[in-house]
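The lines below spell out each chain.
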Number of protein chains: 2
Amino acid sequence: MAVTKTARATKKRGSLGRPEGRTESREALLDAAERYFAERGYAAANLREIAEDANVTQAMANYWFGTKQELFRQVYLRRGAWLATCRMELLDEVTAKKRYALEDILRAYITPPFQLRESAQGRAFLRLQARLHAEPDETAYALRREVYDQPVRAYVKILANLLPRLTDEHLYLRFAQFIGIYIYILSDAHRIEEISGIRRRPSAAKLIDEIVRFTASGFKG
Amino acid sequence: MAVTKTARATKKRGSLGRPEGRTESREALLDAAERYFAERGYAAANLREIAEDANVTQAMANYWFGTKQELFRQVYLRRGAWLATCRMELLDEVTAKKRYALEDILRAYITPPFQLRESAQGRAFLRLQARLHAEPDETAYALRREVYDQPVRAYVKILANLLPRLTDEHLYLRFAQFIGIYIYILSDAHRIEEISGIRRRPSAAKLIDEIVRFTASGFKG
């Protein structure tokens, strides 16, 4: 399957990592689940169909994940952990330099999710993520906390050094707006091309540039 | 069509109004549906339960709406039409003044959805809206188009006058970011209080001020 190849090809950062000792089948099941949850939503997705699609027996699926909720959790955490690792590594890279700008920090945060957009499987995750970000309930909170808290705190700490006159409250309020922007732009729900009459969908590079510019002005403003 | 009637019936801005000629039962059914769709999601919501909750026979519910899809459409368009009307009226109010700033235009756009946050029923709609904004599929497109296209075009036209050096493409790309921000902040999924250690949830007025300030800087930057 395409995703597997992509994942294997990006061994360095960018690797969606296949921990040793896990079979291809387990990963295939997570891939299938990711697509089903993205396409049908959590409630309508069906464990039996997912197992069939992944060519895995339902007994095996039950053994690995037990419940639909646990399967969802593992699907989410698999890419979530990759996202968090990329973000921390990119932040280290940027801040290791003698001089860096606010824009470099913002770019580091949103580059990994835009990489996910390059594969169908990654786009499935982005749909899941957009949905989860629209959910104020406790399960969604807990999952987001697990994936995002460490990077968000680390990024805000660096932003605080660059913008010393902002209080913590203001920094977090602005960071939340930054998150709202990239989640929405990545969800492909914005219809920029349609409503504006632009012929071509803007490239990822262009969207990243636009978000970095807009948000940097917002943080400084 | 329902939208027209709803729009006509909300004579004063701010009223979520019960349009004349519609029975209380029909509105009660829409209210119940709004809550069920928000709490359980579209797939899991059940027409029979919604009718029971609204104290309406299922025959009546079928007569009014026929399908779950049509019921969802009417739930969405009821408040969507109110939102669109408010936005157009506020834009007219602002631009009728001799002088107005970018900030006044941005504030006019996001004030109506923040009003919805004041009631439990309005908050149910905001959850629906956040979910729908995370959906790139055709049905979601069509509904959003019906509710948002006219106001978005009208607002961007005014913004173009205020920011003459921006191309249409840039204006729309920035407007999309503005939408992403308010949808996310309104979804209550941002956990600003939790992650930042702020004791109190920021008030609607404060959130509006923050968004207007951040976004105005973004548009000008």
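Values in this document were obtained by computation on a predicted structure and should not be read as measured data.

Engineer: Sorry, what's going on with the overall build of chain A here?
Structural biologist: Helix and strand counts for chain A come out as eleven helices and zero strands. Mapped from its N terminus to its C terminus, chain A presents α and β elements in the order α-α-α-α-α-α-α-α-α-α-α. Classification of the 221 residues of chain A by burial places 40% in the buried group. Across chain A, the fraction of contacts at a sequence separation of at least 24, relative to all contacts at a separation of at least 6, is 66%.

Engineer: Even after reading the chapter, I still don't get the nonpolar core, so can you show me in this structure?
Structural biologist: In globular proteins that are soluble, nonpolar side chains generally tend to be buried together. With 118 residues, the main nonpolar core has Ala33 and Tyr182 of chain A together with Ala33 and Tyr182 of chain B as its most contacted residues. Among all residues touching tyrosine 182 of chain B, those that are not within four sequence positions of it are Ile110, Pro113 and Ile211 of chain B.

Engineer: Just to check I follow, could you spell out the environment of tryptophan 82 of chain B for this structure?
Structural biologist: Structurally, tryptophan 82 of chain B is set in helix H5 (residues 68-95). C-alpha of tryptophan 82 of chain B to C-alpha of valine 147 of chain B: the two residues are 65 residues apart in sequence and 9.2 Å apart in space.

Engineer: How should I be thinking about the environment of glutamate 27 of chain B in this particular structure?
Structural biologist: Residue and element names in this part refer to chain B. As for its position among the elements, glutamate 27 is in helix H2 (residues 24-40). C-beta crowding within 10 Å serves as the criterion here: with 16 such atoms nearby, glutamate 27 is assigned to the partly exposed category. A C-alpha to C-alpha distance of 9.4 Å links glutamate 27 and valine 75, two positions 48 residues apart in sequence.

Engineer: What am I meant to see in the environment of glutamine 58 of chain A here?
Structural biologist: All names here are of chain A. Structurally, glutamine 58 is set in helix H4 (residues 58-65). On the neighbour-count criterion, glutamine 58 (12 C-beta atoms within 10 Å) is exposed. In sequence terms glutamine 58 and glutamate 27 are 31 residues apart; their C-alpha atoms lie 15 Å from each other. The contact partners of glutamine 58, leaving out residues within four places of it in the chain, are Arg48 and Ala51.

Engineer: I would appreciate a short explanation of the confidence of the model for chain A in the present structure.
Structural biologist: Detailed reading of the predicted coordinates is not advisable wherever pLDDT is low. Residues and elements named next belong to chain A. Looking at chain A as a whole, the pLDDT averages 84, with 83% of positions reaching at least 70. Considering only residues more than four positions removed or in separate chains, one finds that residues 1-15, a stretch of pLDDT under 50, has 15 contacts. As a predicted assembly, this complex carries a pTM of 0.83 together with an ipTM value of 0.82.

Engineer: Sorry, what's going on with helix H2 (residues 24-40) of chain A here?
Structural biologist: For an α-helix the count is 3.6 residues per turn, leaving residues at separations of three or four pointing the same way. Residues and elements named next belong to chain A. In this model H2 runs 24 Å from its N-terminal to its C-terminal C-alpha over 17 residues, within 8% of the 24 Å that 1.5 Å per residue would give. Buried within H2 are the following residues: Leu29, Leu30, Asp31, Ala32, Ala33, Glu34, Arg35, Tyr36, Phe37 and Ala38. Glycine 41 sits one or two positions beyond H2 and adopts a positive phi of about 85°.

Engineer: How should the packing of helix H6 (residues 102-116) of chain A against helix H11 (residues 204-220) of chain A be read in this particular structure?
Structural biologist: Relative orientation and spacing of two packed helices are given, respectively, by the angle between their axes and the distance between those axes. Residue and element names in this part refer to chain A. Following both chains from N to C, one finds H6 and H11 inclined at 140°, their axes separated by 9 Å at the closest point. By the angle class used here, H6 and H11 are oblique. Considering how the two elements wind past one another, H6 and H11 form a crossing that is right-handed. Residues Leu102, Glu103, Leu106, Arg107, Ile110, Thr111 and Phe114 of H6 lie in contact with H11, whose contacting residues are Ala204, Ile208, Ile211, Val212, Thr215, Ala216 and Phe219. Split by residue class, the contact of H6 with H11 holds ten nonpolar, two polar and two charged.

Conventions we followed
Residues numbered from 1 in each chain as written. Chains lettered and ligands numbered in written order. Predicted model: local features only at pLDDT ≥ 70, side-chain atom pairs only at ≥ 80, totals over all residues. Helix = DSSP H or I, 4+ residues; strand = E, 2+ residues; numbered from the N terminus. Buried ≥ 20, exposed ≤ 12 C-beta atoms within 10 Å, placed from the backbone. Contact = placed C-beta atoms within 7 Å. Core = buried A, V, L, I, M, F, W, Y, C linked by C-beta atoms within 7 Å. pLDDT = per-residue confidence, 0-100. Expected span 1.5 Å × (residues − 1). Axes fitted to C-alpha atoms, helices over the stretch in contact; angles between N-to-C directions. Parallel < 35°, antiparallel > 145°, perpendicular 65-115°, else oblique. Left-handed = near helix turned anticlockwise from the far one by under 90°. Nonpolar A, V, L, I, M, F, W, Y, C, P; charged D, E, K, R; others polar.

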